[in-house]
2 protein chains.
Amino acid sequence: MSGKKLKAVEHPPVSAKRQHKADAKAATSHPPQRPRPLTRIQKEKQDIILEAALEVFSVHGFRGSTIDQIAEVAGMSKPNLLYYFPRKEEIHRRLIAALLDTWLAPLRDFDERGDPFTEIRSYIRRKLEMARDFPRESRLFANEMLQGAPRISEMIEIDLKALVDEKAKILLTWMEQGRLARTDPYHLIFSIWATTQHYADFDVQVRAVLGKGRNGDGRFEDAARYLEQLFMHGLSPKPRVNGSA
Amino acid sequence: MSGKKLKAVEHPPVSAKRQHKADAKAATSHPPQRPRPLTRIQKEKQDIILEAALEVFSVHGFRGSTIDQIAEVAGMSKPNLLYYFPRKEEIHRRLIAALLDTWLAPLRDFDERGDPFTEIRSYIRRKLEMARDFPRESRLFANEMLQGAPRISEMIEIDLKALVDEKAKILLTWMEQGRLARTDPYHLIFSIWATTQHYADFDVQVRAVLGKGRNGDGRFEDAARYLEQLFMHGLSPKPRVNGSA
DNA sequence: GGAAATTTTGACCAGTTGGAAAAATGTTAG
DNA sequence: CTAACATTTTTCCAACTGGTCAAAATTTCC
């Protein structure tokens with residue numbers, strides 16, 4: 001760990017335990033890097049910054065957000081912020097990485113051994129809760145998608161695809177067993193994503209349309225009720241009216 | 001000052017520079033303004049610029065887009081572009097205005113006298129076609145929503161709300177007549193918006209998940225088939241002994 | 001308490017951005 | 001041809017951008 005000023009961007013592989021200054025004491029600025037194990041304070045500050053960055057990025061997107069804005073929201077000066085995250089991109093990447101993990105958790109819990117409708121219902125419910133409780137994360141994700149997912153393309157092309165493939169297979173099995181209406185499992189999943197995330201991403205619109213009278217917190221409960229009905233009826237394996245070939 | 005008829009946004013202190021005709025002539029450089037009736041060439045250039053701006057804004061959002069980018073896509077120099085649209089905001093506003101009009105057309109066509117399922121089916125179809133044929137418009141809209149719709153808040157709070165209220169009433173009537181499942185008409189509309197726009201706004205994700213094998217143009221047809229099934233079954237009146245109303 | 005390490009600040013920079021001015025180059029009608 | 005207008009280009013700028021750096025302030029550890 002000789003005193004370098006700019007090192008390759010390292011993710012957060014917190015490794016070594018405390019290390020002595022040993023050879024190079026000329027540790028330039030930028031401390032929260034690889035050798036040191038990240039003090040409690042550093043972690044705290046980083047969290048504050050990430051919080052602020054989420055607030056800003058989720059609204060203006062990557063290019064539309066400035067370090068100054070983030071620093072202001074975080075209550076610190078720009079150079080100070082840069083001390084913890086040497087690059088703007090790094091902040092964004094950290095946010096996206098953390099997001100993807102929690103974002104897909106509900107889908108991961110989709111259980112093959114469960115009852116189709118119970119599983120689908122609880123998936124919808126959880127996704128709706130996430131839209132309600134983590135709207136900024138949802139918008140950050142949406143922003144990234146709108147821009148063509150330049151920073152997470154491989155993530156969605158590989159990890160996400162694999163996960164969806166797996167769950168689609170489960171859905172297909174259920175359909176073949178006659179426990180679920182025969183339909184396209186991929187688009188089924190898309191429709192759940194779309195309808196639930198809508199309440200986070202298009203929140204302004206939803207509120208505006210519902211008007212001041214009924215937009216309190218009720219809209220999420222109403223949405224849950226409606227979506228449950230839609231999907232439960234829409235996907236029940238009722239005998240089709242002829243015409244399906 | 002003269003030759004003023006519409007609301008004008010004139011913050012810049014710079015104005016009349018070489019006004020020859022005291023009559024009501026062109027003010028400064030910037031010709032495409034009030035007085036002149038807009039030549040064919042001007043209209044063409046403006047269209048080129050708006051096209052380019054749509055391309056850029058729809059991906060990067062307002063703040064994330066630069067005039068330089070738009071100018072480059074439009075194939076002209078920045079000052080030249082500024083000659084037609086004195087302000088970046090003006091371009092954006094024009095795009096949004098044009099967008100909102102066409103965007104709501106399908107909903108306007110929702111006909112009270114038609115058959116509930118026919119109306120809903122064709123509405124879904126049209127919205128899906130728009131997602132397929134005008135994905136940039138959809139993304140522009142989505143970007144605006146994500147940012148809290150700062151520039152069109154009144155538009156959606158008044159015009160959009162009124163329109164949705166009207167159509168929701170129609171849906172309610174149908175429900176009361178037993179021709180449609182009893183459910184929340186507002187969330188029903190939201191779900192149609194969400195599921196259809198998803199294919200434009202999250203196009204990358206959809207493609208990535210579907211994989212290279214089946215993402216050609218087929219995805220829109222598959223989506224149409226799936227959504228039709230979902231909504232037709234999901235919204236059919238509950239099992240009630242009722243041959244017809 | 002004090003040296004070393006960590007954190008914060010202020011000054012500064014090169015590149016970008018939205019936009020202004022004006023000169024230069026068409027274009028058109030008389 | 002040429003005056004009047006329309007369009008384009010060149011030059012320029014002040015504010016903003018992401019980022020650096022050294023010095024100052026603060027904390028940590030012996």
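Since the structure is predicted, the reported quantities are computational estimates derived from the model, not experimental observations.

*Asks:* For this particular structure, what's the right way to read unusual backbone geometry?
*Replies:* A negative phi holds for most residues other than glycine; trans holds for most peptide bonds. Residues and elements named next belong to chain A. Positive phi outside glycine occurs at A149, with the angle close to 50°. Relative to the assigned elements, A149 resides in the loop between α7 (135–146) and α8 (153–176). Classification of A149 as buried rests on a relative accessible area of 0%.

*Asks:* For this particular structure, what's the right way to read the nonpolar core?
*Replies:* One recurring pattern in soluble globular proteins: nonpolar side chains tend to sit buried together. Judged by nonpolar contacts, the single largest core of 142 residues is most densely connected at A:F231 and B:F231. Contact partners of B:F231, with chain neighbours within four places excluded, come to A:Y226, A:L230, B:F117, B:I124, B:L188, B:S191, B:I192 and B:T195.

*Asks:* Looking at this model, I keep getting lost on empty space enclosed by the protein. Mind explaining?
*Replies:* The gaps of empty space that remain are located by a probe, the size of a water molecule, rolled over the atoms. Within this structure, the stated rule accounts for eight cavities of 30 Å³ or more. Counted as a void, the largest cavity has a volume near 100 Å³. Lining of the largest cavity is provided by A:W193, A:A194, A:Q197, A:H198, A:D201, A:F202, B:W193, B:A194, B:Q197, B:H198, B:D201 and B:F202. Elements represented by at least two residues in the lining of the largest cavity include exactly α9 (185–201) of chain A together with α9 (185–201) of chain B.

*Asks:* Before we go on, may I ask you to explain the UniProt feature "DNA-binding region" (unreviewed entry) in chain A in this structure?
*Replies:* The sites that carry the UniProt feature "DNA-binding region" (unreviewed entry) are, in the present numbering, residues 66–85 of chain A. Taken end to end, residues 66–85 of chain A is 75% helix and 0% strand, and its first and last C-alpha atoms sit 14 Å apart.

*Asks:* I tried to follow the packing of α7(A) against helix α7 (residues 135–146) of chain B on my own but got confused; where do I start?
*Replies:* Relative orientation and spacing of two packed helices are given, respectively, by the angle between their axes and the distance between those axes. Contact pair α7(A) / α7(B): the axes reach a minimum separation of 11 Å and the direction vectors enclose 155°. Classified by the angle between their axes, α7(A) and α7(B) sit roughly antiparallel to one another. The hand of the α7(A)/α7(B) crossing is left-handed. Residue-level contacts link A:R139, A:A142, A:N143 and A:L146 of α7(A) to B:R139, B:A142, B:N143 and B:L146 of α7(B).

*Asks:* Would you take a moment to explain the interface of chain B and chain A for this structure?
*Replies:* How big an interface is tends to be reported as the loss of accessible area on association of its parts. Tallying the contact residues gives 60 residues for chain B and 60 residues for chain A. Where chain B abuts chain A, roughly 5,100 Å² becomes buried across the two surfaces, and 65% of that area is made up of carbon and sulfur atoms. Across the chain B-chain A interface, the total number found is zero salt bridges. Taken together, the links from chain B to chain A amount to 12 residue pairs in polar contact (both at pLDDT 80 or more). Secondary-structure elements contributing two or more residues to the side of chain B that touches chain A are α1 (40–64), α7, α8 (153–176), α9, α10 (203–210) and α11 (218–234) of chain B. Top element by residues in the side of chain B that touches chain A is α9(B). It accounts for 12 residues. Of the residues belonging to the side of chain B that touches chain A, the class tally is 28 nonpolar, 20 polar and 12 charged.

*Asks:* Teacher, can you tell me more about the relation of the copies chain B and chain A here?
*Replies:* When chain B is fitted to chain A, the best match, at an RMSD of 0.1 Å, comes from turning it 180° and sliding it 0.0 Å along the axis. The transformation just described matches what one would write down for a two-fold rotation axis. When the interface residues of chain B are mapped onto chain A, 98% of them again lie at the interface, so the same face is used by both copies.

The rules behind these values
- Residues numbered from 1 in each chain as written.
- Chains lettered and ligands numbered in written order.
- Predicted model: local features only at pLDDT ≥ 70, side-chain atom pairs only at ≥ 80, totals over all residues.
- Heavy atoms only, no water.
- Helix = DSSP H or I, 4+ residues; strand = E, 2+ residues; numbered from the N terminus.
- Buried < 20%, exposed > 50% of the residue type's maximum accessible area, 1.4 Å probe, protein only.
- Core = buried A, V, L, I, M, F, W, Y, C linked by side-chain atoms within 4.5 Å.
- Contact = heavy atoms within 4.5 Å.
- 1 Å grid on protein atoms, 1.4 Å probe; cavity = no way out; pocket = protein on both sides within 12 Å on 5 of 7 lines; lining within 4 Å.
- Points joined across faces, edges and corners; volume = space filled by probe spheres on them.
- UniProt positions renumbered as here; feature names shortened; annotations may be inferred.
- Axes fitted to C-alpha atoms, helices over the stretch in contact; angles between N-to-C directions.
- Parallel < 35°, antiparallel > 145°, perpendicular 65-115°, else oblique.
- Left-handed = near helix turned anticlockwise from the far one by under 90°.
- Buried area = accessible area lost by both parts, 1.4 Å probe.
- Salt bridge = Lys/Arg side-chain N within 4 Å of Asp/Glu carboxyl O.
- Polar contact = N/O pair within 3.5 Å; in protein donor to acceptor, adjacent residues only side chain to side chain.
- Nonpolar A, V, L, I, M, F, W, Y, C, P; charged D, E, K, R; others polar.
- Least-squares fit on C-alpha atoms with pLDDT ≥ 70 in both.

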